[in-house]
Amino acid sequence: MPAPKHPSSNRPRSTSWEPLAQWYDGWVGKDGSKHHRNLALPAVVDLLGLQPGEQILDIGAGTGVLAPLVHQKGAHYTGVDASEKLLQFARQHHGKEGRFLSGDARRLSALPAFHAAQFDGVVFLLSIQDMDPLEEVVENAAWALKPGGRLVIVMTHPCFRVPRQSGWGWDEDRKLQFRRVDRYLTPLPVPLKPYPGQTGVSRSFHRPLHEYINTLSQHHLWVDHLLEIPTYKTATTGPNAKAENLANQEIPLFLALRARKTL
Ligand SMILES: C[S@@+](CC[C@H](N)C(=O)[O-])C[C@H]1O[C@@H](n2cnc3c(N)ncnc32)[C@H](O)[C@@H]1O
């Protein structure tokens, strides 16, 4: 398979996560946030179907919360990230469970440690929505994947959770909680709200679902399984707890998909 067309340098451009690294590590911890442990990590393990000896690449690995789960199954973990600071935390926490490399998801083919069709599985764990342009990122992921290999993506659901353009509402007449979506079809770079006590903000890139599916298929990655995952949280207090729980169970938080490479 030819190398992607943008291999000029393997030096990562800065990521909006670099100034937030300390805070992110504190929030996520060694084993992942509650969202990771309850929802995102089980979805990755389920969809990936790891086999001993397999080579797994985690793109946008952050502090490396996926590494121990891959290692436990006897597979080999490689994490790549553009943030040096996040990689330092990853090596501290999980250096024995995998290797962590500094690199840009848009230029994987420029990393000396990588070659085409090297990995049995490639994962984007809550990271693809922070990367742009999607076309370059998917092209590089497809390049790294073996024919027949699996690509797994977990992201906030792009149909219901458009950052800053969606939210919960309350219908007093019907006594129900609803989800409002103000914009959906137009791709949108969004600076996220600053996290408590932080001055830096991370950037996210909203895209409609068809853009993901069509970009994957342009690179011979065919979706064969999709999960739509509601939050693990339940409200126990407050006058609207029942309606809140119903809405939380009906409107998914995450979308997880698996695609197989056919060429
Ligand atoms: C929300 S964090 C998720 C990290 C980790 N997967 C997790 O679930 O904790 C998004 C990650 O994507 C990384 N990232 C963003 N753009 C990138 C790029 N072009 N190349 C490599 N990593 C990138 C960030 O540095 C950050 O670590």
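Scroll up for the structure.
Residues numbered from 1 in each chain as written. Predicted model: local features only at pLDDT ≥ 70, side-chain atom pairs only at ≥ 80, totals over all residues. Heavy atoms only, no water.

Engineer: Hey, could you run me through the overall build of the protein chain in this one?
Structural biologist: When its secondary structure is counted, the protein chain shows 7 helices and 11 strands. Computed over the C-alpha atoms, the radius of gyration of the protein chain is 19 Å, within 12% of the 18 Å expected from 2.2 N^0.38 for a compact globule of 263 residues. With the C-alpha coordinates of the protein chain rotated into their principal frame, the extents come out at 60 × 35 × 35 Å. Sequence-distant contacts in the protein chain: of pairs separated by 6 or more residues, those separated by 24 or more amount to 69%. Approximately 12500 Å² of the protein chain is accessible, and the part contributed by carbon and sulfur atoms is 53%. (Helix = DSSP H or I, 4+ residues; strand = E, 2+ residues; numbered from the N terminus. Rg over C-alpha atoms; globule rule 2.2 N^0.38 Å. Contact = heavy atoms within 4.5 Å. Areas by Shrake-Rupley, 256 points an atom, 1.4 Å probe, with all protein chains shown as cover.)

Engineer: How should the side chain of threonine 78 be read in this particular structure?
Structural biologist: Relative to the elements of secondary structure, threonine 78 occurs in strand β2 (residues 76-81). By relative accessible area, threonine 78 is classed as buried at 1%. Engagement of the side chain of threonine 78 in a polar contact is seen with the side chain of arginine 99, the distance being 2.9 Å. Setting aside residues up to four positions removed in sequence, threonine 78 forms contacts with Ile56, Leu57, Asp58, Arg99, Leu101, Phe114 and Phe119. (Buried < 20%, exposed > 50% of the residue type's maximum accessible area, 1.4 Å probe, protein only. Polar contact = N/O pair within 3.5 Å; in protein donor to acceptor, adjacent residues only side chain to side chain.)

Engineer: What's the story with the nonpolar core in this structure? I'm lost.
Structural biologist: Generally speaking, soluble globular proteins have nonpolar side chains that are buried together. The biggest cluster of nonpolar side chains holds 35 residues, and the ones touching the most others in it are Val44, Leu66, Leu125 and Val154. Of all the secondary-structure elements, those providing two or more residues to this core are α1 (21-28), α2 (34-48), α3 (67-72), α4 (84-94), β4 (119-125), β5 (145-156) and β11 (254-261). Counting residues per element, this core draws most heavily on α2, at 7 residues. (Core = buried A, V, L, I, M, F, W, Y, C linked by side-chain atoms within 4.5 Å.)

Engineer: For this particular structure, what's the right way to read empty space enclosed by the protein?
Structural biologist: The method is simple in principle: a probe with the dimensions of a water molecule rolls over the atoms, and the space it marks as empty is what remains. Applying the stated criterion across every chain yields a total of 1 cavity of 30 Å³ or more. Looking at the lining of the largest cavity element by element, the count peaks at 3 residues for strand β9 (residues 203-206). For the lining of the largest cavity, the class distribution of residues is 4 nonpolar, 5 polar and 1 charged. (1 Å grid on protein atoms, 1.4 Å probe; cavity = no way out; pocket = protein on both sides within 12 Å on 5 of 7 lines; lining within 4 Å. Points joined across faces, edges and corners; volume = space filled by probe spheres on them. Nonpolar A, V, L, I, M, F, W, Y, C, P; charged D, E, K, R; others polar.)

Engineer: Got a minute to help me understand the site of the ligand in this structure?
Structural biologist: As a matter of local geometry, the ligand sits amid 20 residues, with Tyr24, His36, Gly60, Asp81 and Leu125 nearest to it. The side chain of histidine 36 places a nitrogen or oxygen atom 2.7 Å from an oxygen atom of the ligand. Glycine 60 is positioned with one of its backbone polar atoms (N or O) 2.8 Å from a nitrogen atom of the ligand. Starting from 600 Å² of accessible surface for the ligand in isolation, the protein chains cover 96%. (Near = heavy atom within 4 Å.)

Engineer: Can you walk me through the sheet that holds β5 in this structure?
Structural biologist: Strand pairing in a sheet takes place through backbone hydrogen bonds and is either antiparallel or parallel in direction. Read across the open sheet, the 7 strands follow the order β3-β2-β1-β4-β5-β11-β10; overall the sheet is mixed. In this open sheet, the two edge strands, each paired with only one partner strand, are β3 (99-102) and β10 (221-229). The sheet shows a mean angle of 20 degrees between the axes of neighbouring strands, taken without regard to direction. In this structure, strand β1 (residues 55-59) lies alongside β4, joined through 3 bridges in parallel fashion. By the bridge assignment, isoleucine 56 is partnered in β4 with glycine 121. Where helix α5 (residues 134-144) meets the sheet, its contacts fall on β1, β4, β5, β10 and β11, and the angle it forms with β5 comes to roughly 140 degrees. The strands touched by helix α6 (residues 209-218) within the sheet are β5, β10 and β11, with β10 carrying the most contacts at an inclination of about 150 degrees. (Pairing = 2+ DSSP bridges. Axes fitted to C-alpha atoms, helices over the stretch in contact; angles between N-to-C directions.)

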